[in-house]
Amino acid sequence: MGELDGKVALITGAGRGIGRAIALALAVEGAQVAANDLTPVNLDETVAAIQSAGGAAASFPADVANKIAVQAMLEAVAEAYGGVDILVNNAGVEPHAQLMDLGEWDWDRTLAVNLKGPFLLMQSVGRIMAARGGGVIVNIASIAGRAHGLKDRSAYVASKMGLIGLTREAARELAAYNIRVNAVCPGVIATEMTAGLRKDPEMMARWLADIPSGRLGEVSDVADVVVFLCSSAAAYITGQAINVDGGKVMS
Ligand SMILES: NC(=O)c1ccc[n+]([C@@H]2O[C@H](COP(=O)([O-])OP(=O)(O)OC[C@H]3O[C@@H](n4cnc5c(N)ncnc54)[C@H](O)[C@@H]3O)[C@@H](O)[C@H]2O)c1
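Just so it is clear, the structure is predicted and the values come from calculations on it, not from any experiment. One numbering rule holds for all chains: residues counted from 1, following each sequence as written. The model is predicted, so local features are restricted to residues of pLDDT at least 70 and side-chain atom pairs to those at 80 or more, both for listing and for counting; the totals for chains, interfaces and linings are taken over all residues.

### Here we look at the overall build of the protein chain
In step 1: Counting its secondary structure elements, the protein chain contains eight helices and seven strands.
In step 2: If you line up the protein chain on its principal axes, its C-alpha atoms span 50 × 35 × 35 Å. The secondary structure listing takes helices from DSSP runs of H or I that are at least 4 residues long and strands from runs of E that are at least 2 residues long, numbered from the N terminus.

This is the structure in structure tokens:
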């Protein structure tokens, strides 16, 4: 018996990286996985990996920044699985540019994917969870959204700070419906998103010098904390933003 047997988990941005690891980890605990990403092709490997390990998964492609697409996706998930018990808002984008060069499109898109997407999903899935008697939401923010910040990422930092604030407000409001809402704030995790940084020995040395654990994070480091937050062991934890960063940010 898994800790999450019988639960339906919707994970956005589950086609690769941290989202894929979270989808696999929740499936190992028995959750039926609704895996979202922009296109079905992105999701094939995630769904196949879960199914070949004996788990249940299906793809539900949609752009999380598009309200109509999100509604259609939730209808498809409801038809396939009957509802949603766990929502992980993981999809994210991270344009690099100095503030004075950042294009309006990049600003709008970053805020739309990283902040409006979680809002749209929490609003609609919140209603579904309330009707089912409760649920758990985990928002993947970043240490960039803590006091730490991140150079040349103004849209990203603003979106992740916003997501932490939104997490707290959602936790306050949705507790009345037995829905817990927390954020996880990864440090530098080895994924496509950080490929550029990991190829730059000077930047790597600078980051590593500032991480007490002495290494970058693995996707499993984040997925394990998400599983914990979704489990009954975390029943009294809501409204928190938990750093998973080897001790880089201690606040
Ligand atoms: N990798 C890190 O070091 C790190 C650190 C802190 C926070 N994070 C956060 O963790 C999350 C996952 O990061 P990752 O490193 O796995 O990134 P990634 O780029 O490897 O994967 C992100 C996934 O999200 C999908 N996606 C993007 N826009 C989407 C949209 N509009 N709708 C649906 N799916 C969409 C992409 O197709 C991709 O599969 C992001 O929110 C990111 O900001 C990552």
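### A look at the environment of Leu216
In step 1: For Leu216, the location among the structural elements is in the loop between α7 (201–209) and α8 (219–230).
In step 2: Considered as a pair, Leu216 and Ile189 are 27 residues apart in the sequence and their alpha carbons are 5.8 Å apart.
In step 3: Placing a C-beta atom from the backbone of each residue, one calls two residues in contact when those atoms lie within 7 Å. Leave out the neighbours within four places in its chain, and Leu216 touches Val188, Ile189 and Ala190.

### Comments concerning unusual backbone geometry
In step 1: Phi is positive for Asp152, which is not a glycine, with a value near 60 degrees.
In step 2: Looking at the element boundaries, Asp152 is found in the loop between β5 (135–140) and α5 (154–174).
In step 3: Here the phi dihedral of Asn178 falls at roughly 65 degrees; this positive angle occurs in a residue that is not glycine.
In step 4: Following the sequence through the fold, Asn178 ends up in the loop between α5 and β6 (179–186).
In step 5: A count of 13 C-beta atoms within 10 Å places Asn178 in the partly exposed class. The exposure scheme places C-beta atoms from the backbone and then counts, for each residue, the other C-beta atoms within 10 Å of its own, assigning buried at 20 or more, exposed at 12 or fewer, and partly exposed in between.

### Thoughts on the site of the ligand
In step 1: Taken together, 29 residues form the shell around the ligand, and within it Gly13, Gly17, Gly92, Thr191 and Met193 come nearest.
In step 2: Within the shell around the ligand, the residues separate by chemical class into twelve nonpolar, twelve polar and five charged. Using a C-beta atom placed from the backbone, a residue is scored as near a molecule or strand whenever that atom is within 6 Å of it. In this count, Pro and Cys sit with the nonpolar residues alongside Ala, Val, Leu, Ile, Met, Phe, Trp and Tyr, while Asp, Glu, Lys and Arg are called charged and the others, Gly among them, polar.

### A look at the sheet that holds strand β3 (residues 57–59)
In step 1: Read across the sheet, seven strands follow the order β3-β2-β1-β4-β5-β6-β7 without closing on themselves; strand pairing throughout is parallel. One side of each edge strand has no neighbouring strand; the edge strands of this open sheet are β3 and β7 (241–244). Mean inter-strand twist for the sheet, computed between neighbouring axes without regard to direction, equals 20 degrees.
In step 2: By definition, two strands form a pair when at least two bridges between them are found by DSSP. Pairing of β5 with β6 involves six bridges; the strand directions are parallel. Each axis is a line fitted through C-alpha atoms, and for a helix only the stretch in contact is used; angles between axes span 0 to 180 degrees, taken between their N-to-C directions.

### Notes on the pairing of strand β1 (residues 8–11)
In step 1: Along β1, one buried face is formed by Val8 and Leu10 and the opposite face, lined by Ala9 and Ile11, is buried too.
In step 2: Strand direction decides the pairing type here: β1 and strand β2 (residues 32–35), joined by four bridges, are parallel. In the strand pairing of β2, Val8 is matched with Gln32.
In step 3: In this fold, β1 hands off to helix α1 (residues 17–28), which returns the chain to β2; that crossover is right-handed.
In step 4: Across three bridges, the pairing between β1 and strand β4 (residues 86–89) is parallel. Residue pairing in the sheet places Ile11 in a bridge with Val88 of β4. A crossover counts as right-handed when, viewed with the strands pointing away from the observer, the path leading from the first strand over the helix to the second turns clockwise.

### A closer look at helix α4 (residues 104–132)
In step 1: A helix is expected to span 1.5 Å for every residue after the first. Counted at 1.5 Å a residue, the expected span for α4 with its 29 residues is 42 Å, and the 40 Å between its end C-alpha atoms agrees.
In step 2: At Lys116, α4 shows its strongest bend, of approximately 40 degrees, with the proline Pro118 following within four residues.
In step 3: Among all positions of α4, only Thr110, Val113, Asn114, Leu115, Gly117, Pro118, Leu120, Leu121, Met122, Val125, Gly126 and Met129 are buried.
In step 4: Check the buried side of α4 and you find it contacts β1, α3 (67–81), β4, β5, α5 and β6.
In step 5: Positive phi shows up at Gly133, right after α4, with a value of about 95 degrees. The bend at a residue is defined as the angle formed between two axes, one fitted to the seven residues ending at that residue and one fitted to the seven starting there.

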